[in-house]
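So the chains spell out like this:
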Amino acid sequence: MNNYINFYYELYPDNIVKNKDNYTFVINNEKYYFTIYNRDIAEIDTIFKLNREMIERNSLVHEIILNKKNEPLTLVDGVYYILLRVYVNDTKIISIDDILFMLNSNDSIMDNNIIGRTDWVKLWSLKIDYFEYQIGHLIKKYPYIYNTVDYYIGLGENAIEYIKELSEEKMSTNLSVTHRRIGANSTLFDLYNPLNLVIDYKVRDIAEYIKDVFFNSDIDVYKILNELFSKAIFDKPTLSLLFSRLLFPSYYFDLYENILEMDLNENIILNIIKKSTSYEKFLYFLMQNWSLYKIEWLVK
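The residue numbering used here restarts from 1 in each chain and proceeds along that chain's sequence as written. Note on the predicted model: pLDDT of at least 70 is required for a residue's local features to be given, and 80 or more for side-chain atom pairs to be given and counted; whole-chain, interface and lining totals, by contrast, use all residues. Side-chain numbers come from the whole structure's heavy atoms, not from hydrogens or water.

Asker: Just give me the short version of the pairing of strand β8 (residues 197-201), but keep the residues and values in it.
Answerer: Most of β8 sits inside the fold, with 5 of its 5 residues counted as buried. Taken together, the 5 bridges between strand β7 (residues 175-179) and β8 define a ladder with antiparallel strand orientation. The residue bridging L175 from the neighbouring strand is Y201, located in β8. Between buried and exposed lies partly exposed: a residue is buried under 20% and exposed over 50% of the maximum accessible area for its type, with that area taken using a 1.4 Å probe on protein chains only. Strands here are runs of E lasting at least two residues and helices are runs of H or I lasting at least four, both read from the DSSP assignment and numbered beginning at the N terminus. Only strands that DSSP links by at least two bridges are regarded as paired with each other.

Asker: Account for the pattern of salt bridges, with residues named and values stated.
Answerer: What counts as a salt bridge is simple: a side-chain nitrogen of Lys or Arg found within 4 Å of a carboxyl oxygen of Asp or Glu. Summed over the entire model, instances satisfying the criterion amount to 18 salt bridges. A salt bridge links E63 to R85, with the shortest nitrogen-to-oxygen separation between them at 3.1 Å. Taken as a pair, E63 in strand β4 (residues 63-65) and R85 in strand β6 (residues 79-86) lie far apart in primary sequence, 22 residues in all. We classify E63 as buried; its relative accessible area is 16%. Judged by its relative accessible area of 17%, R85 is buried. The salt bridge involving D254 is made with R181; its shortest N-O contact spans 2.6 Å. Linking D254 in helix α11 (residues 250-262) with R181 in the loop between β7 and α7 (188-191), this pair joins segments that are 73 residues apart in sequence. Judged by relative accessible area, which is 30%, R181 ranks as partly exposed. Salt bridges linked by common partners bring R181, D200, R204, E208, K211, R245 and D254 together as one network.

Asker: Hey, could you go over the nonpolar core for me, with residue numbers and the actual values?
Answerer: Residues grouped as a nonpolar core are buried Ala, Val, Leu, Ile, Met, Phe, Trp, Tyr and Cys residues, joined through side-chain atoms within 4.5 Å. One finds I145, I210, F243, L246, Y252 and W290 to be the most contacted residues of the largest nonpolar core, which totals 90 residues. Examining the composition of this core, we find that 9 residues originate from one element, helix α5 (residues 143-164), more than from any other. When near neighbours in sequence (up to four residues on either side) are disregarded, W290 contacts L225, F229, K236, L239, L242, F243 and L246. By size, the runner-up hydrophobic cluster in this structure holds 13 residues, among which are Y9, L11, F25 and I65. Here, residues are in contact when the closest pair of their heavy atoms is within 4.5 Å.

Asker: Break down the confidence of the model for the chain for me, with residues and values.
Answerer: When the pLDDT values of the chain are averaged, the result is 93; 97% of them are 70 or greater. The predictor rates its confidence in each residue with pLDDT, a number between 0 and 100. Here helix α6 (residues 168-171) stands out as the element of the chain with the lowest mean pLDDT, 58, in contrast to β4, whose mean of 98 is the highest.

Asker: Residue-level account of the packing of helix α9 (residues 221-231) against helix α13 (residues 276-289), with values.
Answerer: Axis separation between α9 and α13 bottoms out at 12 Å; the angle between their running directions is 25 degrees. As summarised for this structure, α9 and α13 are arranged roughly parallel, according to the angle between their axes. Crossing handedness for the pair α9 and α13: right-handed. Residue-level inspection shows V221, Y222 and L225 of α9 in contact with α13, the latter providing F282, F285 and L286. Under the grouping applied here, Gly and all other residues not named as nonpolar or charged are polar, the nonpolar ones being Ala, Val, Leu, Ile, Met, Phe, Trp, Tyr, Cys and Pro and the charged ones Asp, Glu, Lys and Arg. Taken together, the residues of the contact of α9 with α13 break down into 6 nonpolar, no polar and no charged. For helices, the fitted axis covers only the stretch in contact; all axes are lines through C-alpha atoms, and the angles between them, taken along N-to-C directions, range from 0 to 180 degrees. Any angle that is under 35 degrees is reported as roughly parallel, and any over 145 degrees as roughly antiparallel; angles of 65 to 115 degrees are reported as roughly perpendicular and all others as oblique. Two helices cross in a left-handed way if the nearer one is turned anticlockwise from the farther one by less than a right angle. They cross in a right-handed way if the turn is clockwise.

Asker: Requested: an account of the packing of helix α10 (residues 236-247) against α13, with residues and values cited.
Answerer: For the pair α10 and α13, interaxial distance at closest approach is 11 Å and the crossing angle is 170 degrees. Between α10 and α13, the crossing angle belongs to the class labelled roughly antiparallel. Two secondary-structure elements touch here, α10 through F243, L246 and L247 and α13 through Y279, L283, L286 and M287. Per-class residue counts for the contact of α10 with α13 are 7 nonpolar, no polar and no charged.

Put into C-alpha coordinates, the structure is as follows:
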(Lines give C-alpha, C1' and ligand atoms only; values in the text may rest on other atoms or scores of the structure.)
Protein backbone atom coordinates (compact mmCIF):
# COMPACT_ATOMS: atom_id res chain seq x y z
CA MET A 1 0.00 0.00 0.00
CA ASN A 2 2.96 2.29 0.60
CA ASN A 3 3.67 2.42 -3.14
CA TYR A 4 0.11 3.53 -3.95
CA ILE A 5 0.22 6.31 -1.36
CA ASN A 6 3.63 7.43 -2.64
CA PHE A 7 2.54 7.40 -6.28
CA TYR A 8 -1.02 8.79 -6.09
CA TYR A 9 -0.59 11.33 -3.28
CA GLU A 10 3.15 12.06 -3.23
CA LEU A 11 3.14 11.32 0.48
CA TYR A 12 5.96 9.27 2.00
CA PRO A 13 5.05 7.93 5.45
CA ASP A 14 7.67 6.14 7.51
CA ASN A 15 5.17 3.68 8.89
CA ILE A 16 1.71 2.51 7.77
CA VAL A 17 -0.54 0.59 10.17
CA LYS A 18 -3.29 -1.66 8.81
CA ASN A 19 -6.50 -2.07 10.82
CA LYS A 20 -9.36 -3.87 9.00
CA ASP A 21 -10.24 -1.64 6.01
CA ASN A 22 -8.04 1.23 7.17
CA TYR A 23 -4.40 2.09 6.59
CA THR A 24 -3.25 4.83 8.93
CA PHE A 25 -0.10 6.91 8.98
CA VAL A 26 1.23 10.19 10.37
CA ILE A 27 3.15 12.88 8.48
CA ASN A 28 4.14 16.20 10.09
CA ASN A 29 1.98 15.35 13.12
CA GLU A 30 -1.10 14.99 10.91
CA LYS A 31 -2.95 11.68 10.86
CA TYR A 32 -4.27 10.14 7.65
CA TYR A 33 -6.64 7.28 6.94
CA PHE A 34 -6.47 5.48 3.59
CA THR A 35 -9.72 3.55 3.73
CA ILE A 36 -12.06 1.56 1.50
CA TYR A 37 -14.82 3.64 -0.05
CA ASN A 38 -18.00 1.94 1.19
CA ARG A 39 -20.67 4.07 -0.48
CA ASP A 40 -22.40 4.06 -3.86
CA ILE A 41 -20.00 5.40 -6.51
CA ALA A 42 -22.78 7.71 -7.70
CA GLU A 43 -22.62 9.54 -4.36
CA ILE A 44 -18.95 10.48 -4.34
CA ASP A 45 -19.26 13.86 -6.08
CA THR A 46 -21.97 14.93 -3.64
CA ILE A 47 -20.00 13.65 -0.65
CA PHE A 48 -16.92 15.55 -1.81
CA LYS A 49 -18.90 18.78 -2.36
CA LEU A 50 -20.45 18.46 1.10
CA ASN A 51 -16.99 17.86 2.56
CA ARG A 52 -15.70 21.08 1.00
CA GLU A 53 -18.79 23.03 2.07
CA MET A 54 -18.35 21.89 5.67
CA ILE A 55 -14.67 22.80 5.67
CA GLU A 56 -15.43 26.24 4.24
CA ARG A 57 -17.97 26.90 6.98
CA ASN A 58 -15.42 25.70 9.58
CA SER A 59 -17.45 22.64 10.49
CA LEU A 60 -15.37 19.83 11.90
CA VAL A 61 -15.02 16.92 9.43
CA HIS A 62 -12.22 14.72 8.12
CA GLU A 63 -10.83 16.28 4.97
CA ILE A 64 -10.99 14.29 1.73
CA ILE A 65 -7.60 14.53 0.00
CA LEU A 66 -7.60 14.39 -3.80
CA ASN A 67 -5.08 12.17 -5.57
CA LYS A 68 -2.70 13.44 -8.26
CA LYS A 69 -5.45 12.94 -10.86
CA ASN A 70 -7.50 15.46 -8.87
CA GLU A 71 -9.95 12.68 -8.00
CA PRO A 72 -11.29 11.69 -4.56
CA LEU A 73 -11.16 7.93 -5.23
CA THR A 74 -8.14 5.76 -5.99
CA LEU A 75 -8.46 2.27 -7.46
CA VAL A 76 -6.26 -0.32 -5.74
CA ASP A 77 -6.47 -3.93 -6.96
CA GLY A 78 -10.02 -3.38 -8.15
CA VAL A 79 -11.17 -1.69 -4.92
CA TYR A 80 -11.83 2.05 -4.48
CA TYR A 81 -10.02 3.79 -1.61
CA ILE A 82 -10.22 7.33 -0.28
CA LEU A 83 -7.65 9.34 1.70
CA LEU A 84 -8.84 11.29 4.74
CA ARG A 85 -6.90 13.78 6.85
CA VAL A 86 -8.14 13.47 10.44
CA TYR A 87 -8.14 16.37 12.89
CA VAL A 88 -9.65 14.74 16.00
CA ASN A 89 -8.83 12.19 18.67
CA ASP A 90 -10.10 9.39 16.46
CA THR A 91 -10.44 6.74 19.20
CA LYS A 92 -12.50 8.80 21.68
CA ILE A 93 -16.00 7.42 22.25
CA ILE A 94 -18.65 10.02 21.46
CA SER A 95 -21.20 11.54 23.84
CA ILE A 96 -24.57 13.15 23.28
CA ASP A 97 -22.71 16.51 23.52
CA ASP A 98 -20.56 15.55 20.52
CA ILE A 99 -23.66 14.66 18.51
CA LEU A 100 -25.41 17.94 19.34
CA PHE A 101 -22.29 19.94 18.47
CA MET A 102 -22.11 18.25 15.07
CA LEU A 103 -25.82 18.78 14.38
CA ASN A 104 -25.88 22.42 15.47
CA SER A 105 -22.73 23.23 13.47
CA ASN A 106 -24.47 22.16 10.25
CA ASP A 107 -28.09 23.15 10.73
CA SER A 108 -28.25 25.48 7.73
CA ILE A 109 -27.71 22.62 5.30
CA MET A 110 -30.07 22.14 2.34
CA ASP A 111 -31.75 18.83 1.50
CA ASN A 112 -30.14 16.78 -1.24
CA ASN A 113 -31.67 14.21 -3.59
CA ILE A 114 -28.45 12.16 -3.72
CA ILE A 115 -27.57 11.72 -0.05
CA GLY A 116 -30.79 13.09 1.47
CA ARG A 117 -32.72 10.61 3.64
CA THR A 118 -35.70 12.74 4.66
CA ASP A 119 -38.47 10.67 3.03
CA TRP A 120 -38.84 8.31 5.97
CA VAL A 121 -42.27 7.09 4.91
CA LYS A 122 -40.99 5.89 1.53
CA LEU A 123 -37.72 4.45 2.85
CA TRP A 124 -39.36 2.64 5.76
CA SER A 125 -42.24 1.36 3.64
CA LEU A 126 -39.84 -0.13 1.07
CA LYS A 127 -37.86 -1.82 3.85
CA ILE A 128 -40.97 -3.31 5.44
CA ASP A 129 -42.29 -4.51 2.05
CA TYR A 130 -38.98 -6.31 1.49
CA PHE A 131 -39.08 -7.97 4.89
CA GLU A 132 -42.67 -9.10 4.37
CA TYR A 133 -41.65 -10.63 1.05
CA GLN A 134 -38.84 -12.56 2.76
CA ILE A 135 -40.78 -13.94 5.74
CA GLY A 136 -41.78 -17.23 4.12
CA HIS A 137 -38.14 -18.08 3.43
CA LEU A 138 -36.97 -17.63 7.03
CA ILE A 139 -38.79 -20.34 8.97
CA LYS A 140 -36.25 -23.17 8.64
CA LYS A 141 -32.94 -21.34 8.88
CA TYR A 142 -33.91 -18.41 11.13
CA PRO A 143 -36.70 -19.46 13.56
CA TYR A 144 -36.04 -16.60 16.02
CA ILE A 145 -36.40 -14.03 13.27
CA TYR A 146 -39.38 -15.82 11.72
CA ASN A 147 -41.23 -15.79 15.06
CA THR A 148 -40.49 -12.13 15.89
CA VAL A 149 -40.25 -10.18 12.63
CA ASP A 150 -44.04 -9.57 12.47
CA TYR A 151 -43.87 -7.72 15.80
CA TYR A 152 -41.10 -5.42 14.55
CA ILE A 153 -42.82 -4.88 11.22
CA GLY A 154 -45.84 -3.78 13.27
CA LEU A 155 -43.66 -1.29 15.16
CA GLY A 156 -42.35 0.01 11.84
CA GLU A 157 -45.86 0.46 10.49
CA ASN A 158 -46.83 2.35 13.66
CA ALA A 159 -43.83 4.65 13.12
CA ILE A 160 -44.90 5.29 9.51
CA GLU A 161 -48.44 6.19 10.58
CA TYR A 162 -47.06 8.43 13.32
CA ILE A 163 -44.89 10.40 10.94
CA LYS A 164 -47.73 10.87 8.47
CA GLU A 165 -49.41 13.02 11.10
CA LEU A 166 -46.56 15.53 11.16
CA SER A 167 -46.43 18.81 9.26
CA GLU A 168 -43.81 18.79 6.48
CA GLU A 169 -43.38 22.55 6.86
CA LYS A 170 -42.40 22.16 10.51
CA MET A 171 -40.20 19.16 9.78
CA SER A 172 -38.15 20.97 7.12
CA THR A 173 -36.68 23.33 9.72
CA ASN A 174 -34.87 20.46 11.44
CA LEU A 175 -32.38 19.42 8.74
CA SER A 176 -28.68 18.93 9.36
CA VAL A 177 -25.69 16.82 8.39
CA THR A 178 -26.39 13.47 10.04
CA HIS A 179 -25.09 9.90 9.81
CA ARG A 180 -26.11 6.64 8.27
CA ARG A 181 -25.70 5.20 11.76
CA ILE A 182 -24.20 6.51 14.97
CA GLY A 183 -24.24 4.65 18.26
CA ALA A 184 -23.09 4.24 21.83
CA ASN A 185 -19.69 2.83 20.81
CA SER A 186 -19.06 5.19 17.89
CA THR A 187 -15.84 7.21 18.00
CA LEU A 188 -14.99 10.73 16.89
CA PHE A 189 -13.56 9.11 13.78
CA ASP A 190 -17.04 7.76 12.98
CA LEU A 191 -18.73 11.05 13.84
CA TYR A 192 -16.62 13.15 11.48
CA ASN A 193 -16.14 10.56 8.74
CA PRO A 194 -17.54 12.01 5.47
CA LEU A 195 -18.34 8.47 4.29
CA ASN A 196 -20.84 8.16 7.14
CA LEU A 197 -22.76 11.38 6.34
CA VAL A 198 -26.26 11.90 4.98
CA ILE A 199 -28.68 14.83 5.03
CA ASP A 200 -31.66 14.24 7.31
CA TYR A 201 -33.64 15.60 10.23
CA LYS A 202 -31.55 16.34 13.30
CA VAL A 203 -33.43 13.82 15.40
CA ARG A 204 -32.12 10.96 13.24
CA ASP A 205 -28.77 10.89 15.06
CA ILE A 206 -30.29 11.54 18.46
CA ALA A 207 -32.80 8.70 18.09
CA GLU A 208 -30.31 6.18 16.68
CA TYR A 209 -27.88 6.98 19.50
CA ILE A 210 -30.58 6.56 22.15
CA LYS A 211 -31.76 3.25 20.67
CA ASP A 212 -28.22 1.90 20.57
CA VAL A 213 -27.63 3.01 24.16
CA PHE A 214 -30.80 1.19 25.22
CA PHE A 215 -30.09 -2.10 23.45
CA ASN A 216 -26.32 -2.34 23.21
CA SER A 217 -24.72 -0.60 26.18
CA ASP A 218 -24.75 -0.34 29.96
CA ILE A 219 -25.29 3.42 29.85
CA ASP A 220 -28.40 4.70 31.66
CA VAL A 221 -30.69 5.84 28.84
CA TYR A 222 -32.65 8.12 31.21
CA LYS A 223 -29.42 9.89 32.12
CA ILE A 224 -28.82 10.48 28.39
CA LEU A 225 -32.31 11.96 28.10
CA ASN A 226 -31.64 14.30 31.02
CA GLU A 227 -28.39 15.44 29.41
CA LEU A 228 -30.14 15.92 26.08
CA PHE A 229 -32.94 18.08 27.45
CA SER A 230 -30.58 20.12 29.60
CA LYS A 231 -28.72 21.18 26.44
CA ALA A 232 -31.41 21.35 23.74
CA ILE A 233 -34.95 22.68 23.44
CA PHE A 234 -37.45 20.69 21.37
CA ASP A 235 -40.82 21.96 20.20
CA LYS A 236 -43.80 19.60 19.95
CA PRO A 237 -43.37 18.71 16.24
CA THR A 238 -39.69 17.89 16.81
CA LEU A 239 -40.57 15.69 19.79
CA SER A 240 -43.09 13.86 17.63
CA LEU A 241 -40.46 13.42 14.93
CA LEU A 242 -37.99 12.10 17.49
CA PHE A 243 -40.60 9.72 18.92
CA SER A 244 -41.44 8.33 15.47
CA ARG A 245 -37.76 7.58 14.89
CA LEU A 246 -37.48 5.91 18.30
CA LEU A 247 -40.55 3.86 17.48
CA PHE A 248 -39.05 2.56 14.23
CA PRO A 249 -37.04 -0.61 15.09
CA SER A 250 -33.88 0.02 13.09
CA TYR A 251 -31.95 -1.75 15.88
CA TYR A 252 -33.75 -5.00 14.93
CA PHE A 253 -33.83 -4.48 11.16
CA ASP A 254 -30.10 -3.67 10.97
CA LEU A 255 -29.25 -6.86 12.84
CA TYR A 256 -31.71 -8.84 10.74
CA GLU A 257 -30.00 -7.69 7.54
CA ASN A 258 -26.52 -8.38 8.94
CA ILE A 259 -27.54 -11.92 9.93
CA LEU A 260 -28.86 -12.71 6.45
CA GLU A 261 -26.18 -10.91 4.42
CA MET A 262 -23.20 -12.16 6.45
CA ASP A 263 -24.71 -15.52 7.43
CA LEU A 264 -24.27 -14.78 11.14
CA ASN A 265 -25.72 -16.91 13.94
CA GLU A 266 -29.20 -15.53 14.58
CA ASN A 267 -28.73 -15.95 18.36
CA ILE A 268 -27.20 -12.47 18.35
CA ILE A 269 -30.71 -11.06 17.95
CA LEU A 270 -31.88 -12.55 21.27
CA ASN A 271 -30.61 -9.55 23.26
CA ILE A 272 -32.93 -7.29 21.25
CA ILE A 273 -35.91 -9.61 21.66
CA LYS A 274 -35.41 -9.97 25.43
CA LYS A 275 -35.55 -6.19 25.88
CA SER A 276 -38.73 -5.68 23.82
CA THR A 277 -41.05 -5.30 26.84
CA SER A 278 -38.64 -2.91 28.56
CA TYR A 279 -38.47 -0.84 25.38
CA GLU A 280 -42.27 -0.70 25.16
CA LYS A 281 -42.28 0.74 28.70
CA PHE A 282 -39.62 3.25 27.65
CA LEU A 283 -41.73 4.35 24.67
CA TYR A 284 -44.78 4.67 26.90
CA PHE A 285 -42.78 6.79 29.34
CA LEU A 286 -41.76 9.14 26.50
CA MET A 287 -45.28 9.30 25.09
CA GLN A 288 -46.66 10.29 28.49
CA ASN A 289 -43.94 12.73 29.48
CA TRP A 290 -43.79 14.45 26.10
CA SER A 291 -47.62 14.70 25.94
CA LEU A 292 -47.72 13.08 22.50
CA TYR A 293 -50.81 11.60 20.94
CA LYS A 294 -51.39 8.09 22.16
CA ILE A 295 -50.67 4.75 20.50
CA GLU A 296 -53.44 2.66 22.00
CA TRP A 297 -51.65 -0.67 22.27
CA LEU A 298 -48.80 1.01 24.16
CA VAL A 299 -51.27 2.53 26.61
CA LYS A 300 -52.83 -0.89 27.21
